[in-house]
Amino acid sequence: MSLLRKLGVVVCAILLALPAWGRETDDANRLYESHKDAIYQVRIIEKSSGNKASIGSGFQISASGLVASNYHVVAEAVKKPEGYLIEYLASDGSKGNMRLLAVDVLHDLALLQHERTDAPWLDIHRGDIRKGTRIFSLGNPHDLGMTVVEGTYNGLVEHSLYEHVLISGSLNPGMSGGPSIDRDGRVVGVNVSTAGNQISFLVPVGYLETLLQSRAQDDAPPDWNKILEQQLLAHQDQYISRLLDTEWKLEPLGEVTVPAEIAPYVKCWGDKSDDKETLYQITNRICNVDESLFLGGYFTTGSFRFQYQWFETEKLNAVQFYSQLESRFYLDMNNNAYKDDVTPYACESRFVEVGGQPWKVHWCVRQYKRFPALHDVAVAMASLADNRKGMLVNFSVAGISRDHALQLTRRFIGAVQWKS
Amino acid sequence: MEIVVEVLARHGRVRERYKLSGADIAIGRAYQNDVIIGDPYVCPLHLQLHYNAEDGCWRVVDQSTQNGTFLVGTGRLRQPHILRSGDEFDIGESRIRVLLPQHEIAATRRLPSGRVLADYLASPITAVALLICTLGLFAFAQYLGQGKETKLQELLLEALMFLAVPFVWACVWGLIGRVAVHEARFAFHLSMGSLLVVSLFALAISAEYLGFGFSNDNLTLWLESLGEGVLVCAFLLGGLQMATQMQRLRRWVVANGIAWALVGITMLTYTVKSDPYESQASMSFALKPPFARLQAATTQDDFMAGLGDTFAELEQYAE
């Protein structure tokens, strides 16, 4: 093949590629230009200082001025309505107040209302969306100005407790609550979070429609605590019941059989200490739900975790061995919730016979202050069956009713079996 | 005629004792006196003791002094005072006691058969032996806390810092003793210091084990506080007895006062400062070997039944 012909092929390839590339860029540009007026920056204003406490994005979804955003964007204003205002900043620079109409804490959605007239809105995409569909996420990252980010729609996250759409694209803080739209400008999801490295998540748009339909029509200011409590309570009722009804997958660790991946959304990880200096070995297994519900600040809920540590020694005596276990025998806190959100723990400590062997069990519970029907439970257990073999178990579950706390504790402790 | 004059120090201890003969005894600051008292508030010739052969009585006569002579319990001597054996007089800033040779004395005390504990403790050999035992004990305790191969030197080095306690204890009491009774008795206090640090350590360990064995954290706290009070009080008593001239009652009051004040302050800071959120930030538990379990393990059902009370505890935080 002559050099000229080779060159020709390359040029053709470039020419073929150009229109496609140009079309996509045009898409982003065109979509941004035609829809930017429907996108708002949502600002939470601290009343006494008049300054922004946090920012996010939002988008209009009806002619009547309904704006969708994330619950976590407006969480402060939900927690202390008297202390915060919700404000919008439109693409033309105009500002105004917004009123909170409804929240869905489970799917991280909020519905707001502004008083603007004649503002454009976005349509919602109905029906299936194919994996690989090109989408465009809009929002205001880091308060830097409205941006558009291209990404790919990858369908629902597999094996998860909370439904999210996975996209390949970079969402950034501040874009939360903004829309992700397809080429026709229809909303396919609400920007919600990112795991970095082009892995980001959307709330499926179906939940936005559900929220739209279920919102209360009266104008009386709702009791948000009551509403959130009901949503959380119903959610834990559903998933814990299902958990209690299923057969649990039990796996041995050392000489103990323990619950492992008891639901599709529970992921277990393991490792073994190989420190040559220590005269004992630890085999670790941590199983957790790698998702949780944001309630505000450091307060998250709706998740659980259990951890097992199997200790074995040949050279240490009982006192030495158990002093090593003791240094790792503590309560595993599920989250960093503090005074505002939870009571201190109340604990029960006893020697309990589990599977024919004595264990030391510390069982602790705390209550949510704003949602008294919900609790965090944390359990720390240590086996006392052998002088040179032992296991530490930590188990914690966040956001659970009293009855379920008791049932799950019973089921969990009962599932731990020392092989005789 | 014979008479005994005692010059007393504070707390009633006899500093000097004179046995004198003759019918006239002179007491004062001047060197011609029979009893010379180096006190600037005492007159050169302050007091005269005079024996009257007719009635067989001694008379105490103040020599019209500037600062006077005071019979303890009565007051200033205005005229010759007929002496009763054992009378005490304040002259200037000094106190004297005058006794007749036939003054009754206490019954002879029996020597303890063998040496008393205090004598053993005061021996330097005991002090050194106790120090070595303390070092050994703490090194062993370090060994029991180890999860890896450790050299003896490392264990000893770590145990060495615990020896600071007996030394500080001995220095403080030695200083007090040197001032109060002109004797440091360093070896005795060093032995006591070693015993104190060992008994406090033993107390802490047993409280921890009992608390674990009975699944009761409050038990640990109370045992430790009470035990610390008793131990500190006992060792303070020993120190006070050796290093001061305090009367028995006073010693008791001082030792108990200091010991329980310390315990009280510790408990107070513990309760005042204990914010449940802070103390729960990392909640760790005691864990001992299987032999330390002093209670039968309950069944799961009994355990679950008790959890209702734990929920009830949360009500105290309701707003």
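Residues numbered from 1 in each chain as written. Chains lettered and ligands numbered in written order. Predicted model: local features only at pLDDT ≥ 70, side-chain atom pairs only at ≥ 80, totals over all residues. Heavy atoms only, no water.

### Here's the deal with the overall build of chain B
Test applied: For the purposes of this entry, the term helix denotes a DSSP run of H or I that reaches at least four residues, the term strand denotes a run of E that reaches at least two, and both are numbered from the N terminus. Working definition: with a 1.4 Å probe on protein chains only, accessible area under 20% of the residue-type maximum means buried, over 50% means exposed, and in between means partly exposed. Contacts: residue pairs with any heavy atoms within 4.5 Å of one another. All accessible areas in this document rest on Shrake-Rupley with a 1.4 Å probe, and a residue is counted as covered only by the protein chains that are shown. His is not counted, nor are the chain ends, whereas Lys and Arg count as positive and Asp and Glu as negative. For charged residues, the charge sits on one atom: NZ in Lys, CZ in Arg, CG in Asp, CD in Glu.
The secondary structure content of chain B amounts to 9 helices and 11 strands. Seen along its three principal axes, the alpha-carbon backbone of chain B occupies a region of about 100 × 55 × 35 Å. Within chain B, buried positions represent 38% of all 319 residues. Sequence separation of 24 or more characterises 46% of the internal contacts of chain B that already satisfy a separation of 6 or more. A total of about 19,000 Å² of accessible surface is found on chain B, and carbon and sulfur atoms cover 59% of it. Of the side chains in chain B, 25 bear a positive and 31 a negative charge, and the two mean positions are spaced by 11 Å.

### Describing the nonpolar core
Short version of the rule: Working definition of a nonpolar core: buried Ala, Val, Leu, Ile, Met, Phe, Trp, Tyr and Cys residues. They are joined through side-chain atoms within 4.5 Å. Just so you know, the domain bounds were taken from an automatic or database domain assignment.
Core analysis: the largest hydrophobic core is formed by 85 residues, its most contacted members being V74(A), F304(A) and W359(A). Of the residues forming this core, the biggest block, 7 residues, is contributed by helix α4 (residues 224–245) of chain A. There are two domains that each give this core at least three residues, and those are domain 1 (35–222) and domain 2 (230–418) of chain A. Not counting the four nearest positions on each side in its chain, V74(A) is found in contact with V42(A), I44(A), I86(A), L100(A), A110(A) and L112(A). Counting residues in each nonpolar core, the second largest holds 26 residues, with Y322(A), L331(A), L392(A) and F212(B) among its members.

### Overview of the sheet that holds strand β20 (residues 304–313) of chain A
Residue and element names in this part refer to chain A. Selection criterion: Here, a strand pair is defined by DSSP locating no fewer than two bridges between the strands. In this description, a line fitted to the C-alpha atoms serves as the axis of each element, helices being fitted only across the stretch in contact, and the angle between N-to-C directions of two axes falls anywhere from 0 to 180 degrees.
A sheet is described by the order of its strands in space; here 7 strands give the open sequence β16-β17-β20-β24-β23-β22-β21, paired in antiparallel fashion. Whereas interior strands pair on both sides, the edge strands pair on one side only; in this sheet they are β16 (266–272) and β21 (346–354). Taken pair by pair, the neighbouring strands of this sheet meet at an average axis angle of 15°, ignoring direction. Strand contacts of helix α5 (residues 318–326): β17 (280–289), β20, β23 (375–383) and β24 (389–400), with the helix running at about 20° to β24, the strand carrying the most contacts.

### A look at the state of the cysteines
Residues and elements named next belong to chain A. Put simply, the rule reads: Note on terminology: disulfide denotes any pair of cysteine sulfur atoms within 2.5 Å.
Within this structure, the stated rule accounts for 2 disulfides over all chains. The residue that forms a disulfide with C268 is C287, at a sulfur-sulfur distance of 2.0 Å. Measuring the twist about the S-S bond at about 110°, one finds the C268-C287 disulfide to be right-handed. Remark: C287 occurs in strand β17 and C268 occurs in strand β16; sequence separation between them is 19 residues. Here C347 is linked by a disulfide to C364, with a sulfur-sulfur distance of 2.0 Å. Handedness of the C347-C364 disulfide follows from its S-S torsion of about 110°: it is right-handed. Taken together, the residues span a long stretch of sequence, with C347 in strand β21 and C364 in strand β22 (residues 357–367) at a distance of 17 residues. When the bonded cysteines of chain A are counted from the start of the sequence, the pairing works out to 1-2, 3-4.

### Quick look at the interface of chain A and chain B
How big an interface is tends to be stated in terms of accessible area lost as the parts join. Our working definition: Defined in terms of a 1.4 Å probe, buried area is the accessible area two parts forfeit on being brought together, summed over both. Salt bridges, as used here, are contacts in which a Lys or Arg side-chain nitrogen is within 4 Å of a carboxyl oxygen on Asp or Glu.
At the junction of the two partners, chain A supplies 56 residues and chain B supplies 47 residues. Where chain A abuts chain B, roughly 4,700 Å² becomes buried across the two surfaces, and 64% of that area is made up of carbon and sulfur atoms. When the area that chain A buries against chain B is broken down by residue, the three leading residues are E326(A), P344(A) and F351(A), summing to 15%. The tally of links from chain A across to chain B stands at 3 salt bridges. Put simply, K288(B) and E326(A) hold a salt bridge, and the shortest N to O gap is 3.1 Å.

### Points about the packing of helix α2 (residues 124–144) of chain B against helix α5 (residues 186–213) of chain B
Residues and elements named next belong to chain B. How we decide: Orientation is classified from the angle alone, with under 35 degrees giving roughly parallel, over 145 giving roughly antiparallel, 65 to 115 giving roughly perpendicular, and any other angle giving oblique. Handedness of a helix crossing follows the sense of rotation of the near helix relative to the far helix, less than a right angle counterclockwise being left-handed and clockwise being right-handed.
At a minimum axis distance of 8 Å, the contact between α2 and α5 shows a crossing angle of 25°. In this view, α2 runs roughly parallel relative to α5, as classed from their interaxial angle. Of the two elements, α2 crosses α5, and the hand of that crossing is left-handed. Within the contact between the two elements, α2 uses P124, T126, A127, L130, L131, T134, L137, F138 and A141 and α5 uses A187, L190, S191, S194, L195, V197, V198 and F201.

### Some points on the pairing of strand β13 (residues 199–204) of chain A
Residue and element names in this part refer to chain A. Most of β13 sits inside the fold, with 5 of its 6 residues counted as buried. One ladder, built from 4 bridges, connects strand β10 (residues 165–168) with β13; its direction is antiparallel. Considered in β13, the bridge of V165 is made with L202. One ladder, built from 6 bridges, connects strand β12 (residues 186–196) with β13; its direction is antiparallel. For N191, the partnering residue across the bridge sits in β13 and is L202. Hairpin connection between β12 and β13: a loop of 2 residues separates the two successive antiparallel strands, and N197 in this loop has a positive phi of roughly 50°.

### A closer look at the confidence of the model for chain B
Operational definition: Per-residue confidence from the predictor is given as pLDDT, running between 0 and 100.
Across chain B, the average pLDDT comes to 90, with 98% of residues at or above 70. Among the prediction metrics, the complex's ipTM stands at 0.81, with pTM recorded as 0.80.

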